[in-house]
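So the chains spell out like this:
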Amino acid sequence: MSEPKKYRHWQLSQDEHNITWLSIDVADREVNVLSYAVLEELSDIVLEIRNNGACTGVVFISNKPSGFILGADVKEISQVEDPNEAVDFMHKAQILFSMIEALRIPVVAAIDGLCLGGGLELALACHYRIASDASGTQLGLPEVKLGIHPGFGGSVRVLRLLGIFQGMNFILQGRNVDAYAAKKMGLVNDVVALRQLRRAAIYFIQHQPKKTVKTARWSTLLLEPPLLRSIVTGFLVQGLKKKVKQDQYPAPYAVLGNWVEVGALKEKAFAEEAASVGRLILTPTCHNLFRVFSLQEKLKEKAKGGEFKVHHIHIIGAGVMGGDIAAWCAVQGLQVSLQDPSPQALGSALARTYTLAQKLLKRKHLIEAAMDRLCPDPQGYGLSKADLILEAAVENLAVKHEIFKNIDLKAKDSAILATNTSSLSLSEIAAVLKNPGRLIGIHFFNPVSKMPLVEVVSAEKTDPKTALCGAIFVKQIKKLPLPVRDGHGFLVNQILGGYFEAGFKALETGQSLNAVDKAGRNLGMPMGPIELADRVGLDVCLAAAPYLMPASSEKALTALQAKVQQGELGYKTQKGFYRYSGEKLIREKDKDTVNSASLKKIQRNLFLSMLSRALICLETQIVSGVDELDAGVIFGAGFPPFRGGLLQYAKTFDKNELAKDLADYRKIEITALEKDSAWQQLWAIG
Ligand code: NAI
């Protein structure tokens, strides 16, 4: 047998059963991605295999510890300027994957770790897919989150494999599933322990079992006639409209459009898929969502440049935040000791940990292991052993001072000290420490399990190495670290303060609750400002008003105060500006319909108010740059990803008109705004 040819991104080897093992290990990358060069090499390899009469089967496997294949090369795709170039690339990949599918010998994808986007599309072209049972094994087609949809034939093959309803749901939601869920859906043929993965692949090649999973693929055959397709699509579009608007997120609508146009069974479905990606790739949504992806990568980079690992975290305060942070850390594999004088708070935190572990870890032994990692510690014994100590007790400087005096006495010298405060000054808290440079803010958002961002706060004296350790810890627990400087409300709450302030101002001018909140949602925010204030708690809003809503009028503050005095604190008391029935917000109908000009004006003011705050945060260097600011508002404040960020959105307007509106809103001269360095910074970047 001749020596196998050498490739840059793939390693080929033939075993004693004459099975070709095709190991992907993309050169110069931490993760495997299907770039143009990687696919070109694969094309040569497939031809080589086709001509090798002795080969009895092929196994795709990864040589990287970071997972199987994470998708196409997003950076490469985001640089495409000509849609024809994108279509051409999709066609080439489709032809290659069809060649793999057409091989006369069995082909297996042996999947361990992440198998996403183009990686899953490749696996779908294989005859069998076997997944390891490791918790890191996840399969998904997240392309809609980038404003496109699968383009290597995946959107066609998924429908053929899973049936219309399950397949469409899987593509439209862009959500990952673990190995067991993938098996249940019929996406993989088997789930095995990692140590058995190779053996299972050999078994599948040698035995070629027929029906290993049950799916609803019959629905794809049954619903192929055009009339049935259009009826079903109408039904699916209704469901989709409740989740996303077509003008904001066109990709999921395009997936449905492709199917209604050509179905999923004929070859032309592939051509339609590629053409559709070509149409989507130059839309503003796609451009902005690629930006969001790159912002996310940029935040992950903030954790680079040092070595630090938390094995044990000690959390002080087991309330809303401390309890949920403890739960998250335990589920992420950290040893957690949780200190609080209140047994009820500790009990509630344990119960919430169990619920979260059930939701995320699913399997009994993993849930039990997570519960074993969380230790209720009313006496604070864990304090002296922890690598990181996070204070999340009540928002009261005197209480925090007492806690940090005790920490200073007992913590290991190497331990990182952190506070979750959202409104107190870091420098003031640190004043009681022997070395104030040891303290950082690690500011989580509520609800902890859902919010991807964590602000890592540095005060004037904070040691930059400590801040870096904070960022590394945040990345370790699979959150996105945003370094910010100390200052009231840091970045995210300052921006949200602007949102609230403009919302209350609109109410004062006689606009209805429904109109104000609708304007916020029209902007693309997940909730209007008043709904959000109700969710946060009106008592919390009132306490933060002096620095987060400094321009609020007496009248607005009095209205807020009255609600608080009456015990109407919002969602948590089931009554605030709105009434609630459990989770459900009860909306009273307005007597008069609101005209669209008024709605647009409110929307404009909500945006201007947030923009004004953003420029102040840039000017005062609360955040280091335009990208970091946009990342903060998207991942922390819920600013709509399809707009690419607050500042990115600002740049879609005419500069002079925006300057005039913003100066009017701030009640300053345009010339003063034009001299503002943050305003200049905004327009300096292309
Ligand atoms: P909370 O009132 O729900 O919980 C505070 C907990 O601290 C209580 O369980 C209390 O028993 C405990 N506690 C009081 N004194 C203590 C002491 N000496 N030692 C240990 N535990 C003590 O408060 P929440 O909302 O969890 O806030 C905690 C911190 O997190 C605050 O600094 C707050 O500003 C910050 N934060 C709150 C957010 C929220 O949405 N609630 C969001 C982000 C930050």
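Computed from a predicted model, the values in this text were never measured in an experiment.

A. Representation of the overall build of the protein chain in the model. When its secondary structure is counted, the protein chain shows 30 helices and 20 strands. Whereas a compact globule of 686 residues would reach a radius of gyration of roughly 26 Å, the protein chain reaches 27 Å, a difference of no more than 12%. With respect to the three principal axes, the spread of C-alpha positions in the protein chain is 80 × 60 × 50 Å. For the protein chain, with 686 residues in total, the buried portion stands at 54%. Counting contacts in the protein chain only where the partners sit at least 6 residues apart, residues at least 24 apart contribute 74% of the total. A total accessible area of about 30900 Å² is found for the protein chain, and carbon and sulfur atoms account for 54% of it.

B. Fine view of the site of the ligand. If you check the shell around the ligand, you find 24 residues, and the closest are Met321, Asp340, Glu395, Lys400 and Ser422. Ala393 places a polar main-chain atom, nitrogen or oxygen, 3.4 Å from an oxygen atom of the ligand. Contact distances for the ligand include 2.5 Å between an oxygen atom and a side-chain N or O atom of Glu395. For the ligand, the protein covers 73% of the area, taking 830 Å² as the surface of the free molecule. Secondary structure elements with two or more residues in the shell around the ligand: α14 (320–331) and α17 (397–410). Here the shell around the ligand takes three residues from α17, the largest share from any one element. Within the shell around the ligand, the residues separate by chemical class into 12 nonpolar, nine polar and three charged.

C. Just the sheet that holds strand β17 (residues 453–458), in detail. In spatial order, the strands read β13-β12-β11-β14-β15-β16-β17-β18; together these eight strands make up an open sheet with mixed pairing. Because the sheet does not close on itself, it has two edges, and the strands there are β13 (374–376) and β18 (480–485). Between one strand and the next, the sheet's axes are offset by a mean angle of 25°, whatever the strand orientation. Examined bridge by bridge, strand β14 (residues 388–391) and strand β15 (residues 416–419) share four bridges and lie parallel to one another. Paired with Leu390 across the two strands is Ala418, which belongs to β15. Against the sheet, helix α16 (residues 364–373) contacts β12 (335–339) and β13, and its axis sits at roughly 40° relative to β13.

D. Here's a closer look at the pattern of salt bridges. Counted according to the given criterion, the structure contains 32 salt bridges. In this structure, Arg521 engages Glu531 in a salt bridge whose closest nitrogen and oxygen atoms are separated by 2.8 Å. Of this pair, Arg521 sits in helix α21 (residues 513–523) while Glu531 sits in helix α22 (residues 529–536); the two residues are 10 residues apart in sequence, bridging distant segments of the chain. Owing to a relative accessible area of 29%, Arg521 belongs among the partly exposed residues under this scheme.

E. Here's a closer look at empty space enclosed by the protein. Inspection of every chain in the model, using the stated rule, returns one cavity of 30 Å³ or more. Its volume calculated, the largest cavity comes out at about 90 Å³. Lining the largest cavity are Ser155, Val156, Leu159, Val255, Asn258, Trp259, Val262, Gly263, Ala264, Ala269 and Glu273. Of all elements in the fold, only α5 (154–162), α11 (250–262) and α12 (268–280) reach the threshold of two or more residues within the lining of the largest cavity. Broken down by element, the lining of the largest cavity gets its largest block of residues, four residues, from α11.

F. Molecular detail of the packing of helix α1 (residues 36–50) against helix α3 (residues 83–101). As a packed pair, α1 and α3 sit with axes 10 Å apart at the nearest point and diverge in direction by 30°. Accordingly, the angle class assigned to the pair α1 and α3 is roughly parallel. Crossing handedness for the pair α1 and α3: left-handed. For the pair α1 and α3, contact is made by Tyr36, Leu39, Leu42, Ser43, Val46, Leu47 and Arg50 and by Phe89, Lys92, Ala93, Leu96, Phe97, Met99 and Ile100, respectively. Of the residues contributing to the contact of α1 with α3, the split by class is 11 nonpolar, one polar and two charged.

Conventions we followed
Residues numbered from 1 in each chain as written. Predicted model: local features only at pLDDT ≥ 70, side-chain atom pairs only at ≥ 80, totals over all residues. Heavy atoms only, no water. Helix = DSSP H or I, 4+ residues; strand = E, 2+ residues; numbered from the N terminus. Rg over C-alpha atoms; globule rule 2.2 N^0.38 Å. Buried < 20%, exposed > 50% of the residue type's maximum accessible area, 1.4 Å probe, protein only. Contact = heavy atoms within 4.5 Å. Areas by Shrake-Rupley, 256 points an atom, 1.4 Å probe, with all protein chains shown as cover. Near = heavy atom within 4 Å. Polar contact = N/O pair within 3.5 Å; in protein donor to acceptor, adjacent residues only side chain to side chain. Nonpolar A, V, L, I, M, F, W, Y, C, P; charged D, E, K, R; others polar. Pairing = 2+ DSSP bridges. Axes fitted to C-alpha atoms, helices over the stretch in contact; angles between N-to-C directions. Salt bridge = Lys/Arg side-chain N within 4 Å of Asp/Glu carboxyl O. 1 Å grid on protein atoms, 1.4 Å probe; cavity = no way out; pocket = protein on both sides within 12 Å on 5 of 7 lines; lining within 4 Å. Points joined across faces, edges and corners; volume = space filled by probe spheres on them. Parallel < 35°, antiparallel > 145°, perpendicular 65-115°, else oblique. Left-handed = near helix turned anticlockwise from the far one by under 90°.

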